[in-house]
Amino acid sequence: MKKTKDRGKKVEYKIKIENIKNEDILKLQEKKEKIEKLEKGQIVEGVVTGIKPYGAFIKMENGLPALVHIEDMSVARIKSPEERLKIGQKASFVVKSIDREAAKVLLSYKETFGSWEENAKKFEEGSKVVGIARETEKEKNGIFVELTPNLVGLAEYKEGIEYGQNVNVYIKKIIPEKKKVKLIII
C-alpha cells in the first residue's frame with residue numbers, strides 16, 4: 001500500500017498486478033535489458049515507422065522504439081520531418097538521451113551528417129553553389145540557405161525567394177571561428 005498527497009489530501013491505494021501475464025513480464029525484462037545496453041552518443045541503425053509534425057518514430061535495429069524530434073533532424077530549421085526522413089527509410093542515428101525508468105530513447109539524426117567544420121571544408125570562398133532557402137522572412141537578418149544538411153549560410157534578403165526553393169549563391173566568406181558562412185544570392 002502506498003500513500004500519496006492529492007490536492008492536500010492523503011490518499012491510499014493498492015496496485016493489483018494479478019492480471020499481468022508472464023509473457024508481458026518477459027517482454028518488459030527484455031526491453032529493459034536492451035535499454036541497459038544503449039549508451040548516450042552511440043550510433044544505431046533504425047527504420048522510420050511514423051512521422052508526426054514534431055518528429056519521427058524509429059524502430060531501432062534492436063527492436064526498441066525511439067523518437068527523433070524535428071529539431072534533432074537538421075541544423076537548418078525545417079518545417080516538416082518529411083524534409084529529412086520518409087516512412088520506411090533506413091538510417092543511422094545517434095543516441096541523444098535515454099530515460100531508463102520510462103524506457104524512452106531520444107535520437108538525433110543531424111549529428112550523423114558531420115560537424116560544421118567537416119562540412120565547411122567541402123566549400124571554398126569565391127565559389128558558386130546551389131543551396132536551399134530555409135528562412136526567408138524579410139524581418140529576419142536575411143535568408144538562411146542550407147548548403148548541406150549540417151551547414152547553413154546567411155545571404156542578404158532578396159524579394160521573391162521562397163522557403164524550400166533552390167537558390168544559386170556565391171560564397172563570400174567562411175568564418176570558422178564563428179561558424180558562419182556569408183553568401184550572396186546570384
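Residues numbered from 1 in each chain as written. Predicted model: local features only at pLDDT ≥ 70, side-chain atom pairs only at ≥ 80, totals over all residues. Heavy atoms only, no water.

S.K.: Please explain the sheet that holds strand S5 (residues 65-69) as it appears in this structure.
M.R.: Pairing between the strands of a sheet comes from backbone hydrogen bonds, and it takes one of two forms, parallel or antiparallel. Spatially, 5 strands are ordered S3-S4-S5-S7-S6 in a closed barrel, and the strand pairing comes out mixed. Averaged over all neighbouring strand pairs, the angle between strand axes comes to 50 degrees, with direction disregarded. Summarising the sheet, strand S6 (residues 90-99) and strand S7 (residues 104-108) pair through 5 bridges and their orientation is antiparallel. Each bridged residue has a counterpart across the sheet, and for Val94 the counterpart in S7 is Ser108. (Pairing = 2+ DSSP bridges. Helix = DSSP H or I, 4+ residues; strand = E, 2+ residues; numbered from the N terminus. Axes fitted to C-alpha atoms, helices over the stretch in contact; angles between N-to-C directions.)

S.K.: Help me out: how do you make sense of the side chain of Glu146 in this one?
M.R.: Turning to its location among the elements, Glu146 is positioned in strand S9 (residues 143-148). Taking relative accessible area as the criterion, Glu146 reaches 3% and is therefore assigned buried. Here Arg134 takes part through its side chain, which lies 2.7 Å from a polar atom of the side chain of Glu146. Contact partners of Glu146, with chain neighbours within four places excluded, come to Ser74, Ala76, Arg84, Gly131, Ile132, Arg134, Leu151 and Val152. (Buried < 20%, exposed > 50% of the residue type's maximum accessible area, 1.4 Å probe, protein only. Polar contact = N/O pair within 3.5 Å; in protein donor to acceptor, adjacent residues only side chain to side chain. Contact = heavy atoms within 4.5 Å.)

S.K.: Looking at this model, I keep getting lost on the confidence of the model for the protein chain. Mind explaining?
M.R.: With 88% of its residues at a pLDDT of at least 70, the protein chain reaches an overall mean of 88. When the elements of the protein chain are averaged for pLDDT, strand S1 (residues 2-6) gives the smallest value, 50, and strand S4 (residues 55-60) the largest, 98. (pLDDT = per-residue confidence, 0-100.)

S.K.: Whenever I open this one, the pattern of salt bridges confuses me. Can you help?
M.R.: When the charged atoms of two side chains with opposite charge come close together, those side chains can pair. Tallying each qualifying case throughout the model produces 7 salt bridges. Between Asp72 and Lys96 there is a salt bridge; the shortest N-O distance is 2.9 Å. Here Asp72 is found in the loop between S5 and S6, whereas its partner Lys96 is found in strand S6, with 24 residues between them in sequence. For Asp72, a relative accessible area of 5% gives the class buried. Put simply, Glu83, Arg84, Arg134 and Glu146 are held in one network by salt bridges that share partners. (Salt bridge = Lys/Arg side-chain N within 4 Å of Asp/Glu carboxyl O.)

S.K.: Help me understand the environment of Asn119 in this model?
M.R.: Relative to the helices and strands, Asn119 is located in helix H2 (residues 116-120). Not counting chain neighbours up to four residues away, the residues in contact with Asn119 comprise Phe113, Gly114, Thr148, Asn150 and Leu151. There is a polar contact of 3.3 Å between the side chain of Asn119 and the side chain of Thr148.

S.K.: Is there a simple way to explain the nonpolar core in this structure?
M.R.: In a soluble, globular protein the nonpolar side chains are often hidden away together inside. Among the nonpolar cores identified, the biggest contains 21 residues, and Ile58, Met60, Phe93 and Leu107 are the most heavily contacted of them. Elements that contribute at least two residues to this core include exactly strand S3 (43-52), S4, S5, S6 and S7. Ignoring sequence-local partners within four residues, the contact set of Met60 consists of Leu38, Val44, Glu45, Gly46, Pro65, Ala66, Val105 and Leu107. Of all hydrophobic cores here, the second largest spans 18 residues; its members include Phe123, Leu151, Ile171 and Ile174. (Core = buried A, V, L, I, M, F, W, Y, C linked by side-chain atoms within 4.5 Å.)

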